Structure formats: structure tokens, C-alpha cells
Amino acid sequence: MALTINATPGAADANSYCTIAEADAYHETRLHVADWTGANETTRTAALVWARRLLDEQIEWDGYPTDPDTQALQWPREGSLSNSVGGAIASDEIPQELKDAQAELARLLIASDRGAELSTDGISNLEVGPIKVAFGDGGPERKVVPDAVA
């Protein structure tokens, strides 16, 4: 059985905040989106579902689910405020910022496995004249959810 997107706010079987069409529209406004536009619908669907799962696992959302007994996902929520437009987010709404963040993360997930174990093989020392680089404890970490998405 093929995975399908259900982005119905508050649905008991929802698995995404963003539809394929919404993600496509988001990517039309971006540069460097070949990973998204070159992927087939099956891959885009899986990436959106995975991105939603990672967002819900990695982000501590304000407020609380509107109907925690029946809704499958963390959104819609009560008591959340919008950073971009100010004021409360309606308790039956999925904010556009969240849909855009999910679409962005989905594209990044197609490009590389952000959830994979990170290598501990980092630069231990690099000197070029007075410039020195040394990463402690195995190197810089790559966040599963990058700051641009969070």
C-alpha cells in the first residue's frame, strides 16, 4: 500500500502538516531546489512524512494540542502565538511557517540523511600561518533540524 499524505488539521490519521502541492508551491519560491523538483512523488511524500515526524520529535512547541485525545499530530494547538503576524494562532490552523519549515526540511532530507549517525572523525588540528582550527570531541555537529528550519 502506497504512503499518502493526510494533512487534515486535527485528523486522527493525519501524517503531515503540508501537502505535496503546498510543498511544491514553497519550493517554487526558492533557489537550489533540484533535490525536491527532481524527486518523484513517492520520495516527496516519504520526505514530508519524515520531516513532520522529525519536527515533532525535535521541536518543543508552545501551547498544547487542541484535541489530544483524537488528533494524531502535535498541531493544531491552543495557546500558540505567531512570530510573523503577531497574535494567537487559531486552534484549528496549521501555521504557514510550519508548512514551509516542513517543506524545507523535506528537501534537506532528500538531499542527505540528516538523522544518520554523525561521524566523529573531525578535524583535530589545522594550521595555516596564524590561523588554527581544532575541533574537540570529534568535530562539529550537524543538527537534525537545522536552524533555518527551526
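Our subject in this report is the structure included herewith. Quantities reported herein were computed from a predicted structural model and do not represent experimental measurements.

## Brief notes about the packing of helix α1 (residues 20-28) against helix α4 (residues 96-111)
Taken N-terminus to C-terminus, the directions of α1 and α4 make an angle of 80°; their axes are 9 Å apart at the nearest point. By the angle between their axes, α1 is roughly perpendicular relative to α4. Residues Glu22, Ala23, Tyr26 and His27 of α1 touch α4, and the partners they reach there are Lys99, Asp100, Ala103, Glu104 and Arg107. Partitioned by chemical class, the residues of the contact of α1 with α4 number 3 nonpolar, 1 polar and 5 charged.

## Description of the pattern of salt bridges
In total, this model carries 5 salt bridges according to the counting rule given. Note that Glu104 is salt-bridged to Arg30, the shortest N-O span being 2.9 Å. Of this pair, Glu104 sits in helix α4 while Arg30 is found in the loop between α1 and α2 (34-37), placing the two residues 74 residues apart along the sequence. Residue classification places Glu104 among the buried residues on the basis of a relative accessible area of 9%.

## Here's the deal with α4
For α4, which comprises 16 residues, the first-to-last C-alpha distance of 23 Å matches the rise-based estimate of 22 Å (1.5 Å per residue) to within 8%. Among the residues of α4, Leu98, Lys99, Ala101, Gln102, Ala103, Glu104, Leu105, Ala106, Arg107, Leu108 and Leu109 are the ones counted as buried. On its buried face, α4 sits against α1, α2 and α3 (41-58).

## What to know about the environment of Glu60
Tracing the chain through its elements places Glu60 in the loop between α3 and β1 (64-65). With 14 residues separating them in the primary sequence, Glu60 and Gln74 have C-alpha atoms 9.9 Å apart.

## Focus on the nonpolar core
Of all hydrophobic cores here, the largest spans 24 residues; its most connected members are Leu48, Trp75, Leu98 and Leu105. Elements with a contribution of two residues or more to this core: α1, α3 and α4.

Procedures and definitions
Residues numbered from 1 in each chain as written. Predicted model: local features only at pLDDT ≥ 70, side-chain atom pairs only at ≥ 80, totals over all residues. Heavy atoms only, no water. Axes fitted to C-alpha atoms, helices over the stretch in contact; angles between N-to-C directions. Helix = DSSP H or I, 4+ residues; strand = E, 2+ residues; numbered from the N terminus. Parallel < 35°, antiparallel > 145°, perpendicular 65-115°, else oblique. Contact = heavy atoms within 4.5 Å. Nonpolar A, V, L, I, M, F, W, Y, C, P; charged D, E, K, R; others polar. Salt bridge = Lys/Arg side-chain N within 4 Å of Asp/Glu carboxyl O. Buried < 20%, exposed > 50% of the residue type's maximum accessible area, 1.4 Å probe, protein only. Expected span 1.5 Å × (residues − 1). Core = buried A, V, L, I, M, F, W, Y, C linked by side-chain atoms within 4.5 Å.

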